Every structure is written in structure tokens, then in C-alpha cells.
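What follows is each chain in one-letter form.
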Amino acid sequence: IANVALPDMAAAFGATPRDVQWVVIAYLVTLTAAIVTAGRLGDRAGRRNVLLAGVVLFAVSSAGAVLAQGLWTLVGLRALQGIAAAAIVSQTMALVGDVVPKDQTGRAMGLIATVSAVGTALGPSLGGALVAGFGWASIFIALAVVGLLTLVVGFAALPRDAAPRGSLGCDLPGTAILSVTLGAFALTTSQVATPALTAILAGLSIAGFAAFVWVERRAT
């Protein structure tokens, strides 16, 4: 939904088309880099807890984006949105096993995929209508409102997390390396840096993947 507002954001902040692309890139990079960590955090802290915390962060960062006075403040808030989205996406899929009978798991996963596809298709048209009628900030107002509604439904409908079964280990080195690797890969494919920096990021992503395999072969 944010993509269609980029020209209006560039005009509002006096930014170049290249700089305003970071509104999208910051979200995608942090989402990509954080999703594995968010999934593991759900195993440790409870999937419902992490999901609702992600919804709160998403709603708050969306509301903050409405008040952003500069482009890079907005980019930072979009990065927070990406972290929140990582928690939401990972826990939504994981919670299916907790709230749906096993013989209906396939149907539930199909429904989630369908809703996601519909949302992706509606984003540009809905965003365009909001921007045309009310300006670029209206898209973040809409996201904040949806976040608050989701929070209410989540608190009411999702079952409370069961007590954790003993202590769950966490592979911190592997998680850190994977997050850096995915972030570098996402920045490489976004092609927003100079050719030299893009080459460095590409090398970092390749080296990070090799390091990740090396660490995981020795992890418990």
C-alpha cells in the first residue's frame, strides 16, 4: 500500500526518487532479516504474545509515520514496521497448529494464503484511492486503524499461550549470521547502492551463507 505513495512522499519531503525508495526497502530488509529470529522468539516467549506484540509495534509505528517530519524518520519507522511484520507473519503461520484441528490445517493454510493474496492485490488500488483523496499520510492512518482492530480481535479470539516446556535453547551465532546474510542479500537485490557497495553486499551475503552452514553443522 505504501508503494503508490512514493511520488507524494518525495514531493512532501523534497526527496529524490532514489532516496524515497528506502521507504519500501527499509521495510523489506528488516522483515527479511528478522523473520527467523521472530519465529524462534515465538517458541520461547509464546506465539500469541509475540504476535500481539508485533501488532502493537506495527500500529504504533504506523501512527508515528503519520507524524514524521522528515524522510529518514519515516524510513526508520518503516524499518520498525518490517520487524513488526516479521513477528506477525511468522506467528500467524505457527499459530495454525495451536488453534486449528489437524484435519483442517490445509484448509486454514489455504485461507491464510488467499487472504494474503487478496490483501496484496488490494494494496495498490486502495493506497491510490487514499493518496488521491487524503494524501500520503492517510495510508499509515489506515494501517494504524487496522492494527488496532487486529489487536482487539487477537486479544479476544486467540487462546493464551501454554506454559513453556522447559528451557528452549537459542542459537544466537547462527541467528545473527543468518539475519546479516538475509539483510545483505535483500539490499543487494534492491540495487539501491553504488555498484561497489552492491558488490560488497553480495560478497557479504555469500560469505554469510557459507558461515551460516559452517556454524549450523556444529550447533546443538
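Since the model is a prediction, treat every value here as computed from it, not as a measurement.

Draft legend 1. Geometry of the nonpolar core. M9, V20, V23, L74, W136, I139 and F140 are the most contacted members of the largest nonpolar core, which has 34 residues in total. Elements with a contribution of two residues or more to this core: α1 (6-13), α3 (22-45), α4 (47-66), α5 (71-99), α6 (105-134) and α7 (137-157). Of the residues forming this core, the biggest block, 9 residues, is contributed by α5. Here I139 is in contact with I1, A2, A5, M9, G127, L130 and V131, once residues within four sequence places are set aside. Core analysis: the next-biggest nonpolar cluster, separate from the first, contains 7 residues, I25, V29, L187 and V192 among them.

Draft legend 2. Quick peek at the side chain of S62. Tracing the chain through its elements places S62 in helix α4. A relative accessible area of 0% places S62 in the buried class. Here S62 is in contact with Q81, F140, L143 and A144, once residues within four sequence places are set aside.

Draft legend 3. Quick look at the side chain of T198. Checked against the element boundaries, T198 lands in helix α9 (residues 195-216). Sequence-distant contacts of T198, that is, excluding residues within four places in its chain, are made with T188 and A193.

Draft legend 4. Representation of the environment of A210 in the model. On the secondary structure map, A210 appears in helix α9. Judged by its relative accessible area of 45%, A210 falls in the partly exposed class. Separated by 178 residues in sequence, A210 and T32 have C-alpha atoms that sit 18 Å apart.

Draft legend 5. Spotlight on the confidence of the model for the chain. Per-residue pLDDT for the chain has a mean of 89; in total, 97% of the residues score no lower than 70. Across the chain, the element-wise mean pLDDT spans from 86 in helix α8 (residues 172-190) up to 95 in α4.

Conventions and cut-offs
Residues numbered from 1 in each chain as written. Predicted model: local features only at pLDDT ≥ 70, side-chain atom pairs only at ≥ 80, totals over all residues. Heavy atoms only, no water. Core = buried A, V, L, I, M, F, W, Y, C linked by side-chain atoms within 4.5 Å. Buried < 20%, exposed > 50% of the residue type's maximum accessible area, 1.4 Å probe, protein only. Helix = DSSP H or I, 4+ residues; strand = E, 2+ residues; numbered from the N terminus. Contact = heavy atoms within 4.5 Å. pLDDT = per-residue confidence, 0-100.

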